[in-house]
Amino acid sequence: MGLLSLGTPLPWKEVQKYADHVREHGIEQFLHIWKNTKDERGNSLLWGDEVEYMVVSFDDESKSAFLSLRQAEILTALEENEKKQRKVENDLGMGSGQRIPTFHPEYGRYMLEATPGQPYTASLEDLVNVERDMNRRREIAKEHMLPHEFPVTLTSYPRLGAPGQFTDPYYPPTGNASRSFFLPDELINPHARFPTLTANIRERRGSKVAMNVPIFKDKNTPSPFIDPTIPYDRDIYPEDANAREGTAKPDHIYMDSMGFGMGCCCLQITFQATDIDEARRLYDQLAPLGPIFLALTAASPAWRGYLSDQDCRWNVIAGSVDDRTEEERGQKPLKNQRFVIPKSRYDSIDYYISQSMDCRPEYNDIDLVIDDKIKKRLTDAGVDEKLANHYAHLFIRDPIVVFSELVDQDDTTSSDHFENIQSTNWQTMRFKPPPPGTNIGWRVEFRSMEIQITDFENAAFAIFIVLLTRAILSFKLNFYIPISKVDRNMQVAHRLDAVINEKFYFRKDIFAPLHHSHDAHSTGSETASEDASVSLYSSDANASTDSIVNTRVKPVDEEYDLFTIDEIINGRKSKRMSNGSGSDVEDEMDEFPGLVKLVQDYLDSMSVDVETRCTLNEYMDLISKRASGKLYTTARWIREFIRGHPKYQFDSVVGSEVNYDLVKTVEQLTLGNEWNEAGEKLLGGMSGTRYRSS
Ligand code: ADP
Ligand code: MG
Ligand code: MG
Ligand code: MG
Ligand code: MG
Ligand code: MG
């Protein structure tokens, strides 16, 4: 739910005074929600995606592509259109898949977000409608733009913050909210929340945010690389001296403003679970997939006019809203602050929350910083230890934006203070309680994926994750690995072509119903009640239930191994030698089925008509080929496009004309015109114009 409450945002000095107030009332609000909905069962699967766009403005004469700052005008026109359309829908009683999509503002004044007009159901019909729905969203968005504007889905804009003009209209890079060397404040959504968020993060931190992304060293890139585009001598704001004093690192692309991160686009998926327990389980099971799908969807190789030596956005966004003080970052002894906090408020999750017996205590192996007072308030009210820890951890953060009109709330009906903290913990997964006064259930959001260029790809990834949740639930899959290993995977996912070059920790036996194999942790009754739930898989070759009961408790570090993403997605075969016929024969056996196979098995267990299955198979084919390296990730495709451009000097610089041709090509791919060679390595001829009428 958006947080675009209207009102007067307080400056940071004032916000500080209300930090405890917001936290305390936020927790009271949560407790009201929890008490009202913790026992609700039987909500149906509903789900929806969020697609974020950048509006580009082409100037074909000068061969330039700028970011159009007309968000407000475009959104107003879209809202008018939606109002009209909703009236027609209500008169006709239209179902999901037909309802007009919803558009939302985003941080960047060149950005839009679109969601389906209402959540999708679990039906396969809705599933195969996702791509069409995404097409329609883009078409409607485009219809409300100027002829030279187009909504592209790029994760990072290659020339955001580069020298010269990159927005339409042009603004010089100044402004008191961000005090950036590179980004004008006019690039920020002018709604009071966003400039305030930007300024208050900077003020709380005590300095500008600072991201240093390693530069990609090409043939002609100077070494060491000292960035000539940083205005080291500027002297407008007190922070200007920082860059000279070492905040900007050599051999790196230095970025100093929230817009570099929050100005990126991503693909998020939200699922409603049947109840709170299932939501907690899905939250945990999807968490280890976060870094895997970050690497698979990697789409951001260029920053501030340079090619970088990484492929993903995550650490840039993490840095871009890192409001921790020096004390909290551990650079000074604690004096004014309460905690040393290892991560930015935008980062990977720190803690598994399921009460399932599969969740061994050893998996929560990183020190969790929690607010003891909040934990006590929660446990006193009857919240179990795990969920209490979860919120006591999220609530170590301060609110960043407080509106004076909204300080006093009715905690029985409002979730505003709760959402204030909850929704500024931007993590790989989000556990979403029901909004008060609605019939919405407990939901889980998968947040790590980068946005892809075409609707075909975005539909493929969205649908794959949805089907995977279905497989997780029906086969009772277990993806747990220690959370420190998920963190390590997150780092590795950023590396150049991580998808084909790196290995990731992943669980080896994802079928083992662990509640049998660690009786030490379980009570008799829990073990017995779970016995009834034998998955489709536990009856096959893997192991019978009986033999699992007798298995010794495996140490946690024997449960996982390093896998390539190809193995995780497409399966791992192990070779074994047998000499049955006298001579040694190499024999292959399936050691790990791969996520595609799990989804296929899930589909086999349903009755799916041939046409639907074909569509779904195309999506799975895309993911399978991205994982194996047969097709490029978006990041690799962009990188090769840039490096293959005749104007590229092999000096890591993404010039204006290179950027223009890239974005033009992206527009063409988006429109389904990928049959020229440009898209071959990205899409393999799979996407097309099949849903387009003209
Ligand atoms: P946020 O920005 O807070 O993540 P949005 O409202 O932008 O939330 O997007 C939430 C997504 O969840 C949308 O795709 C929407 O269709 C979907 N959605 C809405 N209601 C439900 C529900 N009850 N269960 C699951 N998904 C839902
Ligand atoms: Mg929103
Ligand atoms: Mg959001
Ligand atoms: Mg949203
Ligand atoms: Mg968004
Ligand atoms: Mg979201």
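What counts and how
Residues numbered from 1 in each chain as written. Chains lettered and ligands numbered in written order. Predicted model: local features only at pLDDT ≥ 70, side-chain atom pairs only at ≥ 80, totals over all residues. Heavy atoms only, no water. Helix = DSSP H or I, 4+ residues; strand = E, 2+ residues; numbered from the N terminus. Buried < 20%, exposed > 50% of the residue type's maximum accessible area, 1.4 Å probe, protein only. Contact = heavy atoms within 4.5 Å. Areas by Shrake-Rupley, 256 points an atom, 1.4 Å probe, with all protein chains shown as cover. Polar contact = N/O pair within 3.5 Å; in protein donor to acceptor, adjacent residues only side chain to side chain. Donors = N, O, S within 2.8 Å, 3.2 Å for Na, K, Ca; no water. Arc of directions from axis to C-beta. Axes fitted to C-alpha atoms, helices over the stretch in contact; angles between N-to-C directions. Parallel < 35°, antiparallel > 145°, perpendicular 65-115°, else oblique. Nonpolar A, V, L, I, M, F, W, Y, C, P; charged D, E, K, R; others polar. Salt bridge = Lys/Arg side-chain N within 4 Å of Asp/Glu carboxyl O. Left-handed = near helix turned anticlockwise from the far one by under 90°. Core = buried A, V, L, I, M, F, W, Y, C linked by side-chain atoms within 4.5 Å. Domains from an automatic or database assignment.

Our focus in this paragraph is the overall build of the chain. Scanning the chain from N- to C-terminus turns up 25 helices and 20 strands. Buried residues in the chain amount to 60% of all 694 residues. Considering only contacts within the chain whose residues lie at least 6 apart along the sequence, 76% involve residues at least 24 apart. Taken as a whole, the chain presents about 26600 Å² of accessible surface, with 49% of it coming from carbon and sulfur.

A separate point is the side chain of D275. Within the element layout of this structure, D275 appears in the loop between β10 (267–272) and α8 (276–286). There is a polar contact of 3.0 Å between the side chain of D275 and the backbone nitrogen of D277. Contact partners of D275, with chain neighbours within four places excluded, come to E40, R41 and W442.

Below, the discussion takes up the coordination of the magnesium ion (ligand 5). Octahedral six-donor coordination of a metal ideally yields angles of 90 or 180 degrees, compared with 109.5 degrees for tetrahedral four-donor coordination. Around the magnesium ion (ligand 5), the protein contributes the donor atoms E52 (OE), E106 (OE) and E113 (OE), which lie 2.0 to 2.1 Å from the metal centre. Sequence spacing of the donor residues for the magnesium ion (ligand 5), all on one chain, is E-x53-E-x6-E. Separating the magnesium ion (ligand 5) and the magnesium ion (ligand 2) is a distance of 5.2 Å. Of the two residues, E52 is situated in strand β1 (residues 46–59) and E106 in the loop between β3 (102–104) and β4 (111–115); the sequence distance between them amounts to 54 residues. Summarising the burial analysis for this pair, E52 and E106 share the class buried.

At this site the magnesium ion (ligand 4) is bound by E50 (OE) and E113 (OE), with donor distances of 2.1 to 2.2 Å. The magnesium ion (ligand 2) is placed at 2.8 Å from the magnesium ion (ligand 4). Here the residue E50 occupies a position in strand β1, and E113 occupies one in strand β4, the gap between them amounting to 63 residues. For the pair E50 and E113, one class covers both residues: buried.

A word on helix α11 (residues 372–380). Buried within α11 are the following residues: I374, K375 and L378. Along the axis of α11, the buried positions cluster into a sector of 100°, meaning they face one direction only. Structural note: α11 exposes D372, K373, K376 and D380 on the side pointing more than 90 degrees away from its buried face. Contact partners of the buried residues in α11: α2 (19–37) and α12 (385–394). If you check the start of α11, you find a side-chain oxygen 3.0 Å away from the backbone N of K373, and it comes from D371. Positioned one or two residues after α11, G382 has a phi angle of 105°, which is positive.

The next point concerns the environment of Q649. For Q649, the location among the structural elements is in the loop between α23 (634–643) and α24 (656–670). Residues Q649 and T221, spaced 428 residues apart in sequence, show a C-alpha to C-alpha distance of 9.0 Å. At a separation of 3.3 Å, a polar atom in the side chain of Q649 contacts the main-chain carbonyl oxygen of K647.

The subject of this paragraph is the packing of helix α14 (residues 455–475) against helix α22 (residues 610–628). Two quantities define a packed helix pair, namely the angle between the helix axes and the distance between the axes. Running from N to C, α14 and α22 point in directions that differ by 95°, and their axes come no closer than 9 Å. One finds that α14 runs roughly perpendicular with respect to α22. Touching F456, E457, A459, A460, F461, I463 and F464 of α14 are L616, E618, Y619, M620, L622, I623 and R626, all from α22. Counted by class, the contact of α14 with α22 contains eleven nonpolar, no polar and three charged residues.

Looking now at the pattern of salt bridges. Considering all chains together, one arrives at 58 salt bridges under this definition. The shortest N-O distance in the salt bridge between R70 and E149 comes to 2.8 Å. With R70 in the loop between β2 (64–68) and α3 (71–92) and E149 in strand β6 (residues 149–152), this residue pair connects regions lying 79 residues apart in the sequence. A relative accessible area of 2% means that E149 is categorised as buried. As a salt-bridge pair, E239 and R179 come within 3.1 Å of each other at their nearest N and O atoms. One end of the pair, E239, is in the loop between β8 (211–214) and α6 (241–247); the other, R179, is in the loop between β7 (167–168) and α5 (193–205), and 60 residues separate them in sequence. Assessed through its relative accessible area of 15%, R179 is described here as buried. Look at the salt bridges and you will find they share partners, linking D20, R23, R204, D323, E328, R345 and D398 into a network.

Across the interface, helix α9 (residues 289–296) lies against α14 with an axial gap of 13 Å and an inter-helix angle of 160°. One element, α9, and the other, α14, form an angle in the roughly antiparallel class. Where α9 crosses over α14, the two elements pack in a sense that is right-handed. Along the contact surface, α9 presents L289, F293 and L296, while α14 presents F461, F464, I465 and L468. Here the contact of α9 with α14 is composed, by residue class, of seven nonpolar, no polar and no charged.

Turning to the side chain of R639, a few remarks are in order. When you line up the elements, R639 lands in helix α23. By relative accessible area, R639 is classed as buried at 6%. Non-local contacts of R639, meaning those with residues more than four positions away in its chain, are made with F216, P301, L307, S308, Q310, D311 and L496.

The next point concerns the nonpolar core. Ranked by size, the top nonpolar core spans 200 residues in total, and within it W47, F293, Y391, F431, F506, L595 and W637 carry the most contacts. Among the elements that make up this core, the one with the highest residue count is α14 (15 residues). Here this core spans two domains, and each of domain 1 (12–464) and domain 2 (473–568 + 596–683) adds at least three residues to it. The residues touching L595, leaving out its near neighbours within four places in the chain, are L289, F293, F464, L468, F479, F506, I568 and I569.

Next up on the list: helix α15 (residues 483–493). Looking only at α15, the buried set comprises I483, V486, D487, N489, M490, V492 and A493. Looking at the buried residues of α15, the elements they touch are α9, α10 (314–320), α16 (498–501) and β17 (503–507).

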